[in-house]
Amino acid sequence: MGHDKLRKFAENETFACLLQPDAASVLDKSADPSGGLVLRDHPIKGQWNAKMFASPAPIVLELGCGKGEYTIDLSRRSPSANYIGVDIKGARLWKGAKTATEERLPNVAFLRTRIEFIDAFFAPAEVSQIWLTFSDPQLKSENCRLSSPVFLERYRRFLKPGGIIHLKTDSRFLHEYTKAVIAENGLTLLACTDDLYGEGRQSVPESRLKSVCGQSAVDALFEVRTFYERMFMEQGYKITYLSFVIDHEGAFRSPESFDSDYWRSVEGPRHFAHAPGKKKTKD
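The following refers to the structure shown. (Residues numbered from 1 in each chain as written. Predicted model: local features only at pLDDT ≥ 70, side-chain atom pairs only at ≥ 80, totals over all residues. Heavy atoms only, no water.)

## Looking at the sheet that holds strand E7 (residues 188-193)
Pairing within the open sheet is mixed, and its 8 strands lie in the order E1-E4-E3-E2-E5-E6-E8-E7. Each edge of the open sheet is held by one strand with a lone partner, namely strand E1 (18-19) and E7. The sheet contact formed by E1 and strand E4 (residues 108-112) spans 2 bridges and is parallel. Along E4, the bridge assignment pairs Leu19 with Leu111. Against the sheet, helix H6 (residues 172-184) makes contact with strand E6 (159-169), E7 and strand E8 (240-245), and its axis sits at roughly 20° relative to E8, the strand it touches most. (Pairing = 2+ DSSP bridges. Helix = DSSP H or I, 4+ residues; strand = E, 2+ residues; numbered from the N terminus. Contact = heavy atoms within 4.5 Å. Axes fitted to C-alpha atoms, helices over the stretch in contact; angles between N-to-C directions.)

## Overview of the environment of Arg76
Turning to its location among the elements, Arg76 is positioned in helix H3 (residues 69-77). You can call Arg76 partly exposed: its relative accessible area is 42%. In this structure, the C-alpha to C-alpha distance between Arg76 and Leu105, residues 29 residues apart in sequence, is 7.8 Å. With residues near it in sequence (within four places) discarded, Arg76 still touches Thr99, Glu103 and Leu105. (Buried < 20%, exposed > 50% of the residue type's maximum accessible area, 1.4 Å probe, protein only.)

## Let's talk about the pairing of E4
Counting buried positions along E4 yields 4 of 5 residues, so the element is predominantly enclosed. Strand direction decides the pairing type here: strand E3 (residues 82-87) and E4, joined by 5 bridges, are parallel. Its bridge partner being in E4, Tyr83 is matched across the sheet by Val108. With respect to chirality, the unit in which E3 leads through helix H4 (residues 90-102) into the neighbouring parallel E4 is right-handed. (Right-handed = clockwise from strand over helix to strand, strands pointing away.)

Quick look at the structure:
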């Protein structure tokens, strides 16, 4: 492990806005493992507004937040809400936590954990909205997609009635898959575009998104760009967006009509430049 990572990990321990629970604190190892992952509640569950923020307010999550650019910018734009960025990578979270600390932002927190464990940390109706920004499309594993029925069921356990999920992505595969999930389960679609900075500039502001989430959410879509968003746009990929309401009773169903082979075939490679002079390609 490099010295810079070690430095960031050490500094992470000093940030009051960053919660880094050990996985053992939420895994119930006494339960029968044949039934799948069994979690136990973390003490912060149901206590975020009381213990992590200056004042109570609606809570908005960003799952897979990376360096926290979106979480930080949303918090600056909307001080009337509390924002929590979630990621498993401590070196990435360091950037967001350091910015929040240096700017003394009262409505920002970060949680270092696997998203599979997310419902161990939030109580029923504790969260108002979820942002999924440039999530891994998981081309070969449906249950690992953050908009799959498996994850929607997790989100439903802690979202308020009428809770909203936003998906902003460069992956047409993930965009079309999520649209199919929405249609299969009869969920309410608030806004949808497969070219946010093209026709989406007109269709999204005219959608139901503004009336439900406010002008700041619409503005953020066009004005806040993460590291990965800028990188993918430079490679010529269009940015897609959709938002929907989890207003479904009963089990969530996988979309039988989704042609995964076709959308996988047109996905295209991504180039990840991690350091000057280095380029990594992901198909």
